[in-house]
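Summary of the model geometry
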Amino acid sequence: MATTADFKNGLYMNYNGKPCSIVWFQHVKPGKGPAFVKCKLRNLENGRILENTFTAGAKIDVINVERRPYQYLYKDEDGYNFMHEETFEQIHLGTDVVENPDLMKESQHVEMMFWVDGEEEKCLTCELPTYVEMEVTYTEPAVKGDTATTSAMKEATLETGAIIMVPLFIQQGERISVNTTDRSYGGRLK
């Protein structure tokens, strides 16, 4: 058991039976009344931000969260299959745990976060690298004079079937980088 004096950004804790991490906190000592700690917590299961106020010295339940490297193998009818990069242990995840699965290629490296509670483990998230390299398999050709602005975008289908918006100058067969956090165009690759 820890107390609010142990708060720091990134601390993992059990809050109302849910695994959370501290995103921001502030210790407040008002002129009247007891001190308290205002904080923002990120629910690790769904990513929502929760705001809460703890009285100073309140006990909290710190949890053990581990990050592990995995490699994406293949998709089947039940979900996605991954292999641990060091132990070669294979695991299966449902579609609700994997973020942006249509941006994953076979052999793609991912990082998974596990909540370890004694002998029991639960996968909380499966995160892709911030940028992934993809080939554009289909996009409409740009026609000169289509637009008067320089920031015009068009749809492009990637090798995994994902559809994102790219600038007009991107052609079919080009390799681009894609930001996996917001599914945006990151740049052209050589």
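Here goes a summary of the coordinates provided. (Residues numbered from 1 in each chain as written. Predicted model: local features only at pLDDT ≥ 70, side-chain atom pairs only at ≥ 80, totals over all residues. Heavy atoms only, no water.)

Counting secondary structure elements, the chain contains 0 helices and 16 strands. The C-alpha atoms of the chain give 22 Å as radius of gyration, which overshoots the globular expectation for 190 residues (16 Å, by more than 25%). Each principal axis of the C-alpha distribution contributes one length, and for the chain these read about 70 × 45 × 25 Å. Put simply, of all contacts in the chain between residues at least 6 apart along the chain, 44% involve residues at least 24 apart. Positive and negative side-chain charges of the chain, numbering 20 and 29 respectively, have mean locations separated by a distance of 11 Å. (Helix = DSSP H or I, 4+ residues; strand = E, 2+ residues; numbered from the N terminus. Rg over C-alpha atoms; globule rule 2.2 N^0.38 Å. Contact = heavy atoms within 4.5 Å. Lys, Arg positive; Asp, Glu negative; His and termini not counted. Charge placed at Lys NZ, Arg CZ, Asp CG, Glu CD.)

A separate point is the packing of aromatic side chains. Within this structure, the stated rule accounts for 6 aromatic pairs. With centroids separated by 6.1 Å and ring planes inclined at 55°, the aromatic side chains of Y72 and Y80 adopt a geometry described as tilted. The class of Y72 is buried, set by a relative accessible area of 7%. What links up through ring pairs into an aromatic cluster is the set F7, Y15, F25 and F54. For R68, the ring lying beneath its charged end belongs to F114, and the centroid distance is 4.4 Å. (Phe/Tyr/Trp six-rings, centres within 6.5 Å; stacked < 30°, edge-to-face > 60°. Buried < 20%, exposed > 50% of the residue type's maximum accessible area, 1.4 Å probe, protein only. Lys NZ or Arg CZ within 6 Å of the ring centre and 35° of its normal.)

The pairing of strand β12 (residues 131–139) with strand β15 (residues 175–179) spans 5 bridges and is antiparallel. The residue of β15 that forms the bridge with V132 is V178. Looking at chain direction, β12 and strand β13 (residues 153–158) are connected through 3 bridges and run antiparallel. When the bridges of β13 are listed, T139 appears paired with A156. (Pairing = 2+ DSSP bridges.)

Below, the discussion takes up the environment of Q171. By secondary structure assignment, the location of Q171 is in the loop between β14 (163–167) and β15. Taking the relative accessible area as the measure of exposure, Q171 reaches 36% and is therefore partly exposed. On a C-alpha basis, the gap between Q171 and P129 in space is 24 Å, while along the polypeptide they are 42 residues apart. Excluding anything up to four places from it in sequence, Q171 contacts V136 and T139.

Everything listed here is a matter of geometry and, on its own, says nothing about what the molecule does.
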